[in-house]
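Geometric and topological summary
Spelled out, the chains give:
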Amino acid sequence: MKFQRITLDLNVCSGKPCIRGLRFPVSRLLGLLASGETKESILKAYPYLQPEDIDEALVYAAYLSAEETVEFSA
């Protein structure tokens, strides 16, 4: 799958997936959403982000979770 707004650059955030080459890791955005922040509150706090960035970060997370197998210990 190809992503337009998720970038990987070894010179930006140590190569972690970021939003549009910004120093804003996808994991940070997903963490904000997971902690209960709304799209609106995120966009207000980080005006350089766009609604499409959030949408694509969620698609990216869904894509990764479909590909990843996690083992739980009993």
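You'll find the structure just up there.
First things first, this report covers the structure right here in the doc.

Rules used in this analysis
- Residues numbered from 1 in each chain as written.
- Predicted model: local features only at pLDDT ≥ 70, side-chain atom pairs only at ≥ 80, totals over all residues.
- Heavy atoms only, no water.
- Phe/Tyr/Trp six-rings, centres within 6.5 Å; stacked < 30°, edge-to-face > 60°.
- Helix = DSSP H or I, 4+ residues; strand = E, 2+ residues; numbered from the N terminus.
- Buried < 20%, exposed > 50% of the residue type's maximum accessible area, 1.4 Å probe, protein only.
- Expected span 1.5 Å × (residues − 1).
- Arc of directions from axis to C-beta.
- Contact = heavy atoms within 4.5 Å.
- Axes fitted to C-alpha atoms, helices over the stretch in contact; angles between N-to-C directions.
- Parallel < 35°, antiparallel > 145°, perpendicular 65-115°, else oblique.
- Nonpolar A, V, L, I, M, F, W, Y, C, P; charged D, E, K, R; others polar.

Examining the packing of aromatic side chains
Where two aromatic rings form a pair, the distance of their centres and the angle of their planes describe that pair. The final tally for this structure, using the stated rule, is 5 aromatic pairs. Taking 5.8 Å as the distance between ring centres and 70° as the angle between the ring planes, the aromatic pair formed by Phe 3 and Tyr 63 counts as edge-to-face. Here the residue Phe 3 occupies a position in the segment before β1 (6-7), and Tyr 63 occupies one in helix α3 (residues 51-67), the gap between them amounting to 60 residues. The exposure class assigned to Phe 3 is buried, which follows from its relative accessible area of 16%. Tyr 63 gets classed as partly exposed once you look at its relative accessible area, which sits at 31%. Of the aromatic side chains, those joined through ring pairs into one cluster are Phe 3, Tyr 60 and Tyr 63.

Observations concerning the environment of Ser 14
The topology assignment puts Ser 14 in the loop between β1 and β2 (18-19). Residue Ser 14 is classed as exposed on the basis of its relative accessible area of 67%. When the C-alpha atoms of Ser 14 and Ser 41 are compared, they prove to be 27 Å apart, with 27 residues separating the residues in sequence.

Here's the deal with α3
An ideal rise of 1.5 Å per residue puts 24 Å on 17 residues; α3 measures up with 25 Å between its terminal C-alpha atoms. For α3, the set of buried residues is Asp 53, Ile 54, Glu 56, Ala 57 and Tyr 60. Buried residues of α3, seen end-on, are gathered within an arc of 165° and therefore sit on one face of the element. In α3, the exposed residues that point more than 90 degrees away from the buried face are Ser 65 and Ala 66. Considering only its buried residues, α3 is in contact with β1, β2, α1 (26-34) and α2 (39-45).

Regarding the environment of Leu 30
In this structure, Leu 30 sits in helix α1. Given the relative accessible area of 23%, Leu 30 is considered partly exposed. With 31 residues separating them along the chain, Leu 30 and Ala 61 place their C-alpha atoms 8.0 Å apart. The residues touching Leu 30, leaving out its near neighbours within four places in the chain, are Ala 57, Leu 58 and Ala 61.

A few points about the packing of α1 against α3
The N-to-C vectors of α1 and α3 enclose an angle of 95°; their axes lie 10 Å apart at closest approach. By the angle between their directions, the pair α1 and α3 is classed as roughly perpendicular. Of α3, the residues touching α1 (which contributes Val 26, Leu 29, Leu 30 and Leu 33) are Asp 53, Ile 54, Ala 57, Leu 58, Tyr 60 and Ala 61. In terms of residue class, the contact of α1 with α3 is made up of 9 nonpolar, no polar and 1 charged.

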